[in-house]
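# Chains, contacts and geometry: an overview
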Protein chains: 2
Amino acid sequence: MTETKRVYLFGNGHAEGKAEMKNLLGGKGANLAEMNLIGVPVPPGFTITTDACIEYTKIGREKLRQLLTDDVKAAVKHVENLMGMQFGSNENPLLVSVRSGARASMPGMMDTILNLGMNDNAVQGIIKKTHNERFAWDSYRRFVQMYGDVVLGLKPQNKEEEDPFEVIIDQMKAEKGVKNDLELNSEDLKKLVSLFKKAVKDNTGHDFPDDPWEQLWGAIFAVFDSWNNDRAIYYRQINGIPHEWGTAVNVQAMVFGNMGDTSATGVAFTRDAATGEKIFNGEYLINAQGEDVVAGIRTPQQITKEGSKRWAKLAGISEEERAAKYPSLEETMPDVYKELYEIQHKLEQHARDMQDIEFTIQEGKLWLLQTRNGKRTGFAMVKIAVDMLNEGLIDEKTALLRMEPNKLDELLHPVFSKAALANANVIAKGLPASPGAATGQIVFFADDAEAWAKQDKQVILVRIETSPEDLRGMNVAKGILTARGGMTSHAAVVARGMGKCCVSGAGNLVINYKARTMTVDGKTYKEGDWISLNGSTGQVLEGKLETQDPELSGEFATLMALADKYTKMKVRTNADTPNDAKVARNFGAEGIGLCRTEHMFFDGNRIKAMREMILADDETGRRKALDKLLPMQRSDFEGIFTAMDGFPVTIRLLDPPLHEFVPHEEAAQAEIAKELGIDVKKVKERVDSLHEFNPMLGHRGCRLGNTYPEITEMQARAIIEAAINVQKKGVKVLPEIMVPLVGTLAEFKLQESIIRETAEAVFKETGQKVDYLVGTMIEIPRAALTADQIAENAEFFSFGTNDLTQMTFGYSRDDAGTFLPIYLKKNLLKNDPFQVLDQEGVGQLVEMGTKRGRSTRPNLKVGICGEHGGEPNSVEFCHRVGMNYVSCSPYRVPIARLAAAMAAIR
Amino acid sequence: MTETKRVYLFGNGHAEGKAEMKNLLGGKGANLAEMNLIGVPVPPGFTITTDACIEYTKIGREKLRQLLTDDVKAAVKHVENLMGMQFGSNENPLLVSVRSGARASMPGMMDTILNLGMNDNAVQGIIKKTHNERFAWDSYRRFVQMYGDVVLGLKPQNKEEEDPFEVIIDQMKAEKGVKNDLELNSEDLKKLVSLFKKAVKDNTGHDFPDDPWEQLWGAIFAVFDSWNNDRAIYYRQINGIPHEWGTAVNVQAMVFGNMGDTSATGVAFTRDAATGEKIFNGEYLINAQGEDVVAGIRTPQQITKEGSKRWAKLAGISEEERAAKYPSLEETMPDVYKELYEIQHKLEQHARDMQDIEFTIQEGKLWLLQTRNGKRTGFAMVKIAVDMLNEGLIDEKTALLRMEPNKLDELLHPVFSKAALANANVIAKGLPASPGAATGQIVFFADDAEAWAKQDKQVILVRIETSPEDLRGMNVAKGILTARGGMTSHAAVVARGMGKCCVSGAGNLVINYKARTMTVDGKTYKEGDWISLNGSTGQVLEGKLETQDPELSGEFATLMALADKYTKMKVRTNADTPNDAKVARNFGAEGIGLCRTEHMFFDGNRIKAMREMILADDETGRRKALDKLLPMQRSDFEGIFTAMDGFPVTIRLLDPPLHEFVPHEEAAQAEIAKELGIDVKKVKERVDSLHEFNPMLGHRGCRLGNTYPEITEMQARAIIEAAINVQKKGVKVLPEIMVPLVGTLAEFKLQESIIRETAEAVFKETGQKVDYLVGTMIEIPRAALTADQIAENAEFFSFGTNDLTQMTFGYSRDDAGTFLPIYLKKNLLKNDPFQVLDQEGVGQLVEMGTKRGRSTRPNLKVGICGEHGGEPNSVEFCHRVGMNYVSCSPYRVPIARLAAAMAAIR
């Protein structure tokens, strides 16, 4: 039997581990080993295995320490040798970091200790080396605090208690009358060290361990223990990480960039994280710690000479001043720069992805502290992937899998120019309900929006909340701002559908419709004042800000073509107008998955005819009004069919409850009464009788068509007649008529028979035919449960996951704002189920509905038309379930196309 | 190969078929054969088999007619011989009926032809025999009309066309200036026959067939054809009857009770259908047709002498007059009576159930036309079953299976006395929302109801609709009447829970709260006027009617004891007060399955404390108010635990949205503001902020307890403290704490941890312990779908099928009134899913939830507490699913007990 190996050394281009040993060494340990192996200089150290962690839980601390002792001693010696330093030395003290590192990244969940090895001797050694007494004592007091908190357990376990070290610092600052830690001098910090140690003694009954070895053992076991702290366990539960994996412990020499003018520290990117251009870039500071680079106290300098010159030009600094005050690393330390340049190239080639690098130069020696895949903008994400594909670094599938589809959003909406943002004043914050940037003059009413827009004014429609009556105003506004409502409020949903910028639920706004003002934090804005909205961040900004339209670069087109090569699902769009249809088609939509007919009923004369129908006494009266609506609907459909020439168009029959169409204000009621020549009392009575306690679960969807069959008849006629008319003109038309809110086969059959009889009648009248399908939304749990029956007659299914989520959870989208945010905060829900499809619950019904439907009708066409159709995780789920297509708002079509391709590759 | 037998003869005590041959001969054919075999005189005839019907669909009319010709000829000869009559004779004509008869009863779905064989000869024969020219011609014209409609296809196929025969009759009546068919004389009828025949000729191009044989063949095939008419196919579809069963054809001699004074006709019951007493009874008329007995033109006479005397006494007729004018059959035809008496006894013994018999005496000869199990009241149902059990006619299981559990309702509620009803004036009709009878003075407001009740007045609470604020008024009222709302409206559900009479949705009522009046059909009733309600029929009656309390007879108790012997499920009750609990316990409830705590928050000071909590700014404020509620809740629970000593009590934590507790009227808002010393504006704002678009899917159930944990804490404390207090007094207490509206395991776990921590705290404080369970309602589809997860922590499940039905169908109970009635009428739904559990859809979730729950926790206790828990079909479903118990309103407990026993036996 071979002895179990528990400790793996690395340093100086050698390592006992390698990248493939992630399970045993954890992600960080394997990475550190690998960097050594490819010749990147990293501070030497060693990794204690994840197996040792598991062993620890079984045999306990004492036994494991015995098993580890010899190996750990040898390993520290190895580090001392490579660094030429010693633990606890007052000349050349070795300080180390002790970090956790599991197989899967668990950021922030487990503990880290820095500067370990610090004691009264070592602090002297540091002072000698750095000539910086304050830094040395600050490092020392930080170490005592960190060690006291993490290893010795002084960190309070609940929020009401205070950290004893913070209490001491606050006391000292109060005594000295200073506000900032930075105002404490080295004497103060020295005193803090002794006060901290006293606090440890008071709290634990033991002296603070001065022996670096004692410190080290304490830290190793503290890291192991942190594997089983509450937040780590919880994190693993919700992320599905097995508890038996364990964590490794990484012990590594500390290096310092502040040991004089031959020391430095910096960060760098192998390519431009904003634009994706293949330009090595980054910043550094001489004689500084890592945190100084980001703290903004000193101005960081550019790494490359070219970058430095560009920076100076932007900042308005002359070449002379630049070269004198802000020289690049390329200029100040050309050899180190050359080494760094080669290393970054090597790292990128090795990782085959853009790298974000941290480095420290300690007394002329370059150390890499970390390399990881760099964060990037959506623009950079696309460019880098396509460039690397062209460079042969990655293959097509990898290029696609590198995408975060949601980031494409940036490429698809207008943005504020950087210059404009620099001087902008944020006056309020709401939810980023629909991305993009918009600037315009405030109006408070939808008809004002229309009137102003006709005069070529740019307007922002500001409402407490929106309703379907505001639709036309929303359509002409540049952006929409509401004081109430969540990410799935009417305003948000409609705006996303329109691809229009929207900030919703900006709770600080006090809107006074009467005075036509909006007040925020005491400042009042009137109708006509200019504001700007950032729908991607939720910011409301004062004044008129310049926006710029997105430029879809060549790389973007390349990538979308690649996506189409690998995808198995079609992507359609939710579109109610020819214009929406055109936009979506340009974005690559192959059909309409949801055309809502109700939006067509709000325009001028239409709403009048609609109201006349609702207020009619009997079928005859309703038919008379419907006859007026027929030609309007028909011409709408003609426009949409023409825009989607060659692709299928799914049209949903009337869905919302009738009360959404009638006027609720007395004046409007009087007006309609006068127009129709009926008593205003009767109008009021009818409107009141339409009131519902839970309209979501009320008289809507096919319940309308089944109680008033003449409505379905009119809509079916409009669709079929429109299809025949455009077909005559050579347009290829594929109408799919969709019955909403079906819960039983009988409901569907009644609607289907009305549709088919009407179609036959139109065929007879015109002597022309068109192919069409009749199918249904699956949006009621009962429909999914009885999908085998419904598929006997339905020719296609489209999952309406908005309503399906509402009913499966019992959440009203309009009301969930009162508890959903709390649920997310308390981790009772991982995601807002209206944004990310709940695969565990709602997903069961989607899967069940698909399977059962296809058990009856194997070639059943299945798609999704809820908001989830444009959400990448949900799109992947749809692919797994075997859907034929997803449908989403026009501006999310490219995102869905990418997500579908990625799902197919996975 | 033996020849297939297609025609089965019967008559004169012989038959080729028997009862067991139902598949081949149909229900009616097998029955007619059996009656012959046991020696009951039925008019002779023959049955053509169901196989022949199927053969017909395959080989067609001509071929089948060839195959049948010899057999049918022989069979008609057989009937002629037994009756001594001939087809088409002008002396002694044989007339026959031709009827369908399938394996399963399909009432009214297929066709029947009477008086077949009638022609110009036969009508003369009938006149000679009956001396009743009018009857003879009327029979003739009826035959021509029936034959023309059914066999010759003159009956119009859609509602817009008119029956040509009715057109002719209307024309004749118009010409003669009469309104009623009865005013046409024999000459008129004779003329009608010829006009009808002309209409046949005009419509079909053929003469009406005078040859009885032609008539017969036409009728036989018309009956076969009717198996495949649209309504029969539809009936089979919705009742699951296979299309390949086919129907038999029964041809039987017609007999007449109007052939002079030795002829008669009548109906009889082997026991009293109202009381169940074992008394042979019935009515007859000499020289009359069957329909005369029920038509009410002549006063029918009693069959037995004893019955006749009793009848005379009630009608105030002297014995002399009775004997002279209304003698019994026992007196007028003693021999026939004796024969009838023996036959009825024989039939009951043979059927082992109370029989409803139709008979005709033709010239002194008794013929039985029909026997079937008699319809009976709930009282009679119970008494007959127990009597027959005691008589040894049936066994215990049969006695139980004879029950229609819903009929027990009659035995469990007050009823109007017959005398009172006789003179009552029905002023309106609503839905029979909660059974029973109630009489009282009209009040329109809940607080008036309370005030009047305190003065010992009987009141009927009349509201447009009720809300939880009316609860106390409803509780003291004798009955509740609403103008709006369905069978599952607030008023209906609460009233059924209270066992209180309620008529809901009486749409004709115009209620004016301001004037305190109710107007119906122009008549106005004021506050204080007396009205009466029949909650079993939905009638609203004028004035004060006498009611009588139910008497639970000894047989009822016997039957319930029998039920308990066979049942496998427990029956619990839904009860919110000690009084409800006591009532239910008396009815045999073994525990409480649903105790709703919210009803406890409406009383005087409680609602104030509740409002204070809702209006509080923060947790501290809420806790202060909750502290006031704690002792009140605790004492409620003490009362309920004590009343249910020894049985489990399931308590549901707060469920409804908070806006149900706050005042919506300005005056009430001002009052509460004053009391709490806060600004009325703030009250209004808070109330407004609680408004929800779909409160059903809003901030309620455990969403309250998870956002305001202090509410759960208070309720858990009240329950545990109450349990400990009563346990000290020797009460055996089994609290089951139920978390409502759970959709995810995480939600349940958070509530459970609050409950268990609170319980532990109380145990520590008091030094006492009680056993308790923590479980959940399964009422959200997602909970059923993820029941395996939820059962990891939940110790019991109770299916809340009211809400589960709402969400699975997407129907709001409060709003479904706008489309559900239309859906039922159009057969889009078989039942109101809120009354009868939808086993096909909602039932899948119930079954899934139960199975998945038990896959995690095999001994999981599962019950139901929706309205369906007291509905017999649903109870049977619960048994099949394997539930441990059902829970229902107190007054339905016996019904559920019976249904549960029946399910276990089946």
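Just so it is clear, the structure is predicted and the values come from calculations on it, not from any experiment. (Residues numbered from 1 in each chain as written. Chains lettered and ligands numbered in written order. Predicted model: local features only at pLDDT ≥ 70, side-chain atom pairs only at ≥ 80, totals over all residues. Heavy atoms only, no water.)

Before going further, it helps to spend a moment on the packing of aromatic side chains. A complete count under the given rule lists 50 aromatic pairs over all chains for this structure. An angle of 45 degrees between the planes, with centres 5.4 Å apart, marks the rings of Phe445(A) and Tyr513(A) as tilted. Pair noted here: Phe445(A) is in the loop between β17 (437-443) and α19 (446-454) and Tyr513(A) is in the loop between β21 (510-512) and β22 (517-520), with a separation of 68 residues, a long-range link. Residue classification places Phe445(A) among the partly exposed positions, given a relative accessible area of 23%. The partly exposed category is assigned to Tyr513(A), whose relative accessible area is 21%. With a centroid separation of 5.6 Å and an interplanar angle of 70 degrees, the aromatic rings of Tyr147(B) and Phe208(B) are classed as edge-to-face. Note that Tyr147(B) is positioned in helix α5 (residues 133-150) and Phe208(B) in the loop between α7 (186-204) and α8 (212-226), a separation of 61 residues in sequence. The pair formed by Tyr147(B) and Phe208(B) is uniform in burial state, with each residue classed as buried. Residue placement shows Arg103(A) over the ring face of Trp245(A); its charged tip is 3.8 Å from the ring centre. (Phe/Tyr/Trp six-rings, centres within 6.5 Å; stacked < 30°, edge-to-face > 60°. Helix = DSSP H or I, 4+ residues; strand = E, 2+ residues; numbered from the N terminus. Buried < 20%, exposed > 50% of the residue type's maximum accessible area, 1.4 Å probe, protein only. Lys NZ or Arg CZ within 6 Å of the ring centre and 35° of its normal.)

What follows concerns the interface of chain A and chain B. In this complex, chain A contributes 46 residues to the contact, which on the side of chain B involves 46 residues. When chain A packs against chain B, the two sides together hide about 4,300 Å² of surface, and 57% of this comes from carbon and sulfur. Its largest share of buried area at the contact with chain B, chain A owes to Phe693(A), Leu697(A) and Arg782(A), together 15% of the area lost on that side. Inspection of the chain A/chain B interface yields four salt bridges. Here Asp838(A) ties to Arg782(B) by a salt bridge, and the two come within 2.7 Å at their closest N and O atoms. Applying the counting criterion to the chain A and chain B interface returns 32 residue pairs in polar contact (both at pLDDT 80 or more). Those elements that provide at least two residues to the side of chain A that touches chain B are α28 (702-707), α30 (745-766), α31 (781-785), α33 (801-809), α34 (820-825) and α35 (842-856) of chain A. Split into classes, the residues belonging to the side of chain A that touches chain B amount to 21 nonpolar, 14 polar and eleven charged. (Contact = heavy atoms within 4.5 Å. Buried area = accessible area lost by both parts, 1.4 Å probe. Salt bridge = Lys/Arg side-chain N within 4 Å of Asp/Glu carboxyl O. Polar contact = N/O pair within 3.5 Å; in protein donor to acceptor, adjacent residues only side chain to side chain. Nonpolar A, V, L, I, M, F, W, Y, C, P; charged D, E, K, R; others polar.)

Nonpolar side chains in soluble globular proteins tend to be buried together. Of all hydrophobic cores here, the largest spans 299 residues; its most connected members are Leu408(A), Phe641(A), Leu408(B) and Phe641(B). In this structure, Phe641(A) is in contact with Val649(A), Ile651(A), Ile719(A), Ala722(A), Ala723(A), Val726(A), Val731(A), Val733(A) and Pro735(A), ignoring residues within four places of it in sequence. One finds Ala102(A), Trp137(A), Phe208(A) and Val249(A) within the second-largest nonpolar core, a separate group that totals 70 residues. (Core = buried A, V, L, I, M, F, W, Y, C linked by side-chain atoms within 4.5 Å.)

Before going further, it helps to spend a moment on the side chain of Glu736(B). Residue and element names in this part refer to chain B. Turning to its location among the elements, Glu736 is positioned in strand β30 (residues 734-739). A relative accessible area of 2% places Glu736 in the buried class. Beyond its immediate sequence surroundings of up to four residues, Glu736 is in contact with Arg572, Pro648, Val649, Thr650, Ile651, Leu773, Phe796 and Lys861.

Right, let's get into the sheet that holds strand β23 (residues 523-526) of chain B. Two strands in a sheet stick together by hydrogen bonds in their backbones, pointing the same way (parallel) or opposite ways (antiparallel). Residues and elements named next belong to chain B. Taken together, three strands build an open sheet; the order of strands is β21-β22-β23 and the sheet is antiparallel. What marks the edges here is a single partner per strand, and that holds for β21 (510-512) and β23. When strand polarity is set aside, the average angle formed by the axes of neighbouring strands in this sheet is 20 degrees. Sheet topology places strand β22 (residues 517-520) next to β23; four bridges connect them, and they run antiparallel. What sits directly across from Thr517, in β23, is Lys526. (Pairing = 2+ DSSP bridges. Axes fitted to C-alpha atoms, helices over the stretch in contact; angles between N-to-C directions.)

Moving on, we get to the packing of helix α2 (residues 50-59) of chain A against helix α3 (residues 61-83) of chain A. All names here are of chain A. At a minimum axis separation of 7 Å, α2 and α3 run at an interaxial angle of 140 degrees. As summarised for this structure, α2 and α3 are arranged oblique, according to the angle between their axes. In this structure, α2 uses Ala52, Glu55, Tyr56 and Ile59 to contact α3, whose residues at the interface are Arg61, Lys63, Leu64 and Leu67. Residues of the contact of α2 with α3, tallied by class, amount to five nonpolar, no polar and three charged. (Parallel < 35°, antiparallel > 145°, perpendicular 65-115°, else oblique.)

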